[in-house]
Amino acid sequence: MPALSEAITLAITEARKAPNGRHAEILIHDGPLRQTVIALRQGVSLGEHNSPPAASIQMIRGKVRITGEDPVVLETGHVEALTHHRHGVEALDDSVFLLTTVTSVPGTESHGGPGTRTGEMMPVAVDHVDD
C-alpha cells in the first residue's frame, strides 16, 4: 500500500495527463470498507450517482462542488458526510480527495439511515446513574 502522500501526488499527476481528467487509486479495500484517493482536473465532473450506505469525503487539495439535493462546496481540509441521495462531484480547482465508503451494512437499506453534515452531532442518549 502506498503512503497517502505518494498516492496524492500520483493521483493529481495522472489526472492532469488523463484524457478524462481524473484518476482514482484504492488505498484500502477491507470487506465493505474502501478508501480511495480521487483526483479531478478543474472543470471535470463525476456524473450524478447513488451513494453507498455510508460515505465521507475529505478534501486534501483544491475545491469541489457536491451537487444534488443538498449542494455544498468543499475546500482543502473540509470533511463531509455524503448525502444518501443522488449526487455528483464537480472540480472547481484541480482537486484531490479521500473518499471513504462502506459498501454494505447488514440490516439496513442501501441508502437508509440518517446522515449528518460536518459540525452536526447526532442525538446521544445519556443514562444518569444516581449514587
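Residues numbered from 1 in each chain as written. Predicted model: local features only at pLDDT ≥ 70, side-chain atom pairs only at ≥ 80, totals over all residues. Heavy atoms only, no water.

## Observations concerning the pairing of strand β5 (residues 63-68)
- As paired strands, β5 and strand β6 (residues 72-75) are joined by 4 bridges and run antiparallel to one another. Paired with V64 across the two strands is L74, which belongs to β6.
- In this antiparallel pair of consecutive strands, β5 and β6, the connection spans 3 residues.
- In terms of strand pairing, β5 meets strand β8 (residues 87-91) through 5 bridges, oriented antiparallel. Its bridge partner being in β8, G68 is matched across the sheet by H87. (Pairing = 2+ DSSP bridges. Helix = DSSP H or I, 4+ residues; strand = E, 2+ residues; numbered from the N terminus.)

## Brief notes about the sheet that holds β5
- Taking strand neighbours across the sheet as the criterion, the 4 strands line up as β3-β8-β5-β6 in an open arrangement whose pairing is antiparallel. What marks the edges here is a single partner per strand, and that holds for β3 (45-49) and β6. Across the sheet, the axes of successive neighbouring strands diverge by a mean angle of 20°, strand direction being ignored. (Axes fitted to C-alpha atoms, helices over the stretch in contact; angles between N-to-C directions.)

## Describing helix α1 (residues 4-17)
- The terminal C-alpha atoms of α1, which comprises 14 residues, lie 20 Å apart, in line with the 20 Å expected from a rise of 1.5 Å per residue.
- Tucked into the core, α1 has its buried residues touching β1 (22-30), β2 (33-40), β4 (54-61) and β9 (95-102). (Expected span 1.5 Å × (residues − 1). Contact = heavy atoms within 4.5 Å.)

## Structural notes on the sheet that holds β1
- Reading across the sheet, the 5 strands line up as β1-β2-β9-β4-β7 and stay open at both edges, with antiparallel pairing between neighbours. The open sheet has two free edges, formed respectively by β1 and β7 (79-81), since each of these has just one partner strand. Direction aside, neighbouring strands of the sheet carry axes that sit 20° apart on average.
- Taken together, the 3 bridges between β4 and β7 define a ladder with antiparallel strand orientation. Across the sheet, the residue bridging to S56 is A81, located in β7.

## Some words on the nonpolar core
- Within the largest apolar cluster, 15 residues are counted, with the highest numbers of intra-cluster contacts made by L40, I57, V64, I66, V89 and F97.
- Elements with a minimum of two residues in this core: β2, β4, β5, β8 and β9.
- Examining the composition of this core, we find that 3 residues originate from one element, β4, more than from any other.
- Filtering out sequence-adjacent residues up to four positions away, I66 remains in contact with I57, P71, V72, L74, L82, H87, G88 and V89.
- Judged by nonpolar contacts, the second largest core, of 10 residues, contains A7, A15, V37 and L98. (Core = buried A, V, L, I, M, F, W, Y, C linked by side-chain atoms within 4.5 Å. Buried < 20%, exposed > 50% of the residue type's maximum accessible area, 1.4 Å probe, protein only.)

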